[in-house]
Amino acid sequence: MANLRISEWRKLPVSLAELCLDTTLRCGQSFRWKKFNNEEWSCALHGRILSLKQDDTHLHYRSIRPNNTSSLSPPASAKTSVLDALNEDEETEALIKQYLNFTPDLTSLYEQWSSVDANFKKRAPKFTGVRILKQDAWEALVGFICSSNNNIVRISQMVHNLCLHYGPLIGHIDDQAFHDFPPAEALTGPKVEGHLRELGFGYRAGYIAKTAKIVAKEKPEGWLESLCNHSHDPDQKPPQGGREGYRTAHEELLHLQGVGPKVADCVCLMGLGWGEAVPVDTHVWQIAQRDYKFGKGKHKSLTKTTYDAVGDYFRQLWGIEAGWAHSVLFAADLKTFSERLTTKVEVDIDEVKIKKEDGNVVESKVTIKREYLVDEVKDEFEDEKPNGVVIDGRSRRAKRRRVV
DNA sequence: CCTCGCCCTTGAGC
DNA sequence: AGCTCAAGGGCGA
C-alpha cells in the first residue's frame, strides 16, 4: 500500500533447463508463492516481497520493501538512498541465488541421472528445470509438519493462515496482503494450539505448537541452522546412509514433535541443503514399487527399514544429489502436472452424411478432425505392444454415420 | 522390528 | 444425501 519502495526489474541469465519457475514453485516444495498475471510469482521473504518471472534466457526479479524499516538508520540524503538501492539490489540478488540454490548445475545433473537410469531418462524430459529450493529451515519444518495426511492446496492454505495471523505484514500488491513467515518465538504462546485448531490445522496444531516451543526455548539460538550443509562437491559419492552431517541433522529433527523420517528428510533436503536426503512419501513409495521393483519380499510395506532401503537405493543410483533427482520424478507423478503427460492427437474421422432432399438420398463423405488426449509416457509392458494408438479401446480411425 | 488404530479436514467419487 | 477414501505421516500400544 503506502510507503513501499518498488525496485526496478533486474535480470539474471538463466536457462529454462536450469530453472523452470512454474514447476519448481508448484511441485510442493514451498507453499507460499502466488502467481499474478499468469507469469509473475511473488512471495514475502526476509522482510520484502520478492517477485520473479522468466523468459527463455533470463530470470527477472524485483523486490518491494516497506519504507519504514530504516528508522534506525540516519536520515537518507539523495546520495545515500542511491547507495542503499544498490546495496538492496545486490542483497536481493544474493537472496535469490541462495533461495533458488543456483550452485548445482542442473543440466549436467540431468544428463548424469539419465545416463544411469532409464526410467529417469524417460520421465524427465517434460520436467526439466526442477530445482531444489534452499528455503528457510524453520519455514520448511513447519510446512512439512503440516503436510502429513494432507494435500498441497490445503497445506498452502494452512501456511497462508499461519502467516496471516502470526507473521509480520510486509505490504500489499493489488489488495493482496503479504506476510512474512512467523519466527518460532511467535508460535510459543499458550493459545497457539487452540487457535491453530480453529484455523483448521487439525492434529498438526499440537505438533506445531510443541515444536515451536522446543526450537524457540529449549534449543540454543541458531540450532536449526547449525544443521545446514555448507559443502558442495558434485563428484562425491555419498557413503551408505548419507554423509555424517546429514545423518545427524536427520536424527536431531526426529526428536521434534510431528517429525518422522519423511518430514525430517524434507527439511534436510529443502531447508538444510542436504542433497542426498530422499523423502519417501506415498508417491515416492509408489514410484519405487512401480519403477524400481520395491514392494516385494523383504520390502513389502513401507516400514522404517524399507524407508531407509529406498533412500539408500536412490543414493547409490543417482549419487550425492539423489534428492534432486527424486523431486523430478515426484513432480512427474503429481496430478497437478498430469496434463503434461498427455498429448493432443488429431484424429481423422470419416463421416458419412446421408441427406434426404425431396426423397433424394445424397451421400457425402467428409473427413473431420478431432482431438484426443493420449498418454505419452507408457508403462514398460505397453512399450512392447505393436504400433498404433489406441484410444479408450477404440481404434484410431473411427467411422461414424449420421443422418441429417 | 512390524502392524494397527487413531489423529483433523477437505474434496472427489460413488 | 451420505459414505468411503486419499491427500507428500506421525505416534503410541
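The numbers attached to residues start from 1 for each chain and follow its sequence in the written order. Note on labels: chains are lettered from A, ligands numbered from 1, in written order. pLDDT decides what is reported in this predicted model: residues at 70 or higher carry local features, side-chain atom pairs at 80 or more are listed and counted, and totals for whole chains, interfaces and linings draw on all residues regardless. Hydrogen atoms and water are omitted, and side-chain values are computed over all heavy atoms in the structure.

- As named in an unreviewed UniProt entry, chain A is DNA-(apurinic or apyrimidinic site) lyase, taken from Lachnellula arida.
- UniProt positions are given in the numbering used here, feature names are shortened, and annotations may be inferred rather than shown by experiment. As recorded by UniProt, the Subcellular location (unreviewed entry) comment attached to chain A reads in full: "Nucleus".
- Looking at the Catalytic activity (unreviewed entry) heading of the UniProt record, one finds this comment for chain A: "2'-deoxyribonucleotide-(2'-deoxyribose 5'-phosphate)-2'-deoxyribonucleotide-DNA = a 3'-end 2'-deoxyribonucleotide-(2,3-dehydro-2,3-deoxyribose 5'-phosphate)-DNA + a 5'-end 5'-phospho-2'-deoxyribonucleoside-DNA + H(+)".

**Concerning the protein's contact with DNA strand B**
Link 1 in the chain: A single heavy atom is enough: if one lies within 4 Å of a molecule or strand, its residue is considered near that molecule or strand. In the vicinity of DNA strand B, the contacting residues are Asn149, Arg154, Arg197, Gly200, Gly202, Tyr203, Arg204, Ser301, Thr303 and Thr305.
Link 2 in the chain: Atoms of DNA strand B within 4 Å of the protein: sugar and phosphate make up 58%, bases the balance.
Link 3 in the chain: Within the side chain of Arg197, a nitrogen or oxygen atom sits 2.2 Å from a phosphate oxygen of DNA strand B.
Link 4 in the chain: Take Thr305: an N or O atom from its side chain is 2.7 Å from a phosphate oxygen of DNA strand B.
Link 5 in the chain: Classification used: nonpolar for Ala, Val, Leu, Ile, Met, Phe, Trp, Tyr, Cys and Pro, charged for Asp, Glu, Lys and Arg, polar for all others including Gly. Of the residues assigned to the surface near DNA strand B, the class counts are one nonpolar, six polar and three charged. As used in this structure description, the phrase polar contact means that two N or O atoms lie within 3.5 Å; if the pair is within protein, one of them must be able to donate a hydrogen and the other to accept it, and residues adjacent in sequence are counted only when both atoms belong to side chains.

**Focus on the UniProt feature "domain: HhH-GPD" (unreviewed entry) in chain A**
Link 1 in the chain: Sites flagged by UniProt as "domain: HhH-GPD" (unreviewed entry) map to residues 146-334.
Link 2 in the chain: Spanning residues 146-334, this segment combines 50% helix with 5% strand, and its end C-alpha atoms are found 18 Å apart. Under the DSSP-based scheme used, a helix requires at least four consecutive residues in state H or I and a strand at least two consecutive residues in state E, with every element numbered from the N terminus.

**A short note on the packing of aromatic side chains**
Centre distance and the angle of the planes are the two values used to describe a pair of aromatic rings.
Link 1 in the chain: Pairing of aromatic rings covers Phe, Tyr and Trp, the last through its six-membered ring, and needs centres within 6.5 Å; plane angles under 30 degrees mean stacked, over 60 mean edge-to-face, and all others mean tilted. The full count for this structure, using the stated rule, is 15 aromatic pairs.
Link 2 in the chain: Where Phe294 meets Tyr313, the ring centres are 5.7 Å apart and the plane angle is 75°; that geometry is what we call edge-to-face. Residue Phe294 is located in the loop between helix 11 (282-291) and helix 12 (304-318), and its partner Tyr313 is located in helix 12; the two are separated by 19 residues in the primary sequence.
Link 3 in the chain: Partly exposed describes any residue whose relative accessible area lies between the buried limit of under 20% and the exposed limit of over 50%, with all areas from a 1.4 Å probe on protein chains only and scaled to the type maximum. For Tyr313, a relative accessible area of 29% gives the class partly exposed.

**Some thoughts on the protein's contact with DNA strand C**
Link 1 in the chain: Taken together, 26 residues form the shell around DNA strand C, and within it Cys27, Gly28, Asn149, Gly260 and Cys266 come nearest.
Link 2 in the chain: Sugar and phosphate atoms represent 55% of those atoms of DNA strand C found within 4 Å of the protein.
Link 3 in the chain: Residue Cys27 places a main-chain N or O atom 2.7 Å away from a base oxygen belonging to DNA strand C.
Link 4 in the chain: Between DNA strand C and Ile152 there is a distance of 3.4 Å, counted from a phosphate oxygen to a backbone nitrogen or oxygen.
Link 5 in the chain: It is helix 10 (residues 261-270) that provides the largest number of residues to the surface near DNA strand C, a total of five residues.
Link 6 in the chain: Grouping the constituent residues of the surface near DNA strand C by class yields 12 nonpolar, 12 polar and two charged.

**A few points about the pattern of salt bridges**
Link 1 in the chain: A pairing counts as a salt bridge when a side-chain nitrogen of Lys or Arg comes within 4 Å of a carboxyl oxygen of Asp or Glu. Inspection of the entire model under this criterion finds 20 salt bridges.
Link 2 in the chain: The residue Lys35 makes a salt bridge to Asp22 at a minimum N-O spacing of 3.2 Å. A residue pair is termed long-range when its members are at least 10 positions apart, and Lys35 in strand 3 (residues 34-36) and Asp22 in helix 1 (residues 21-26) qualify at 13 residues.
Link 3 in the chain: Note that Glu276 is salt-bridged to Arg243, the shortest N-O span being 2.6 Å. With Glu276 in the loop between helix 10 and helix 11 and Arg243 in the loop between helix 8 (204-218) and helix 9 (244-254), this pair connects stretches of sequence that are 33 residues apart. We note that Glu276, like Arg243, is buried.
Link 4 in the chain: A single network of salt bridges, built from pairs that share partners, joins Arg5, Arg48, Arg65, Glu88 and Glu91.

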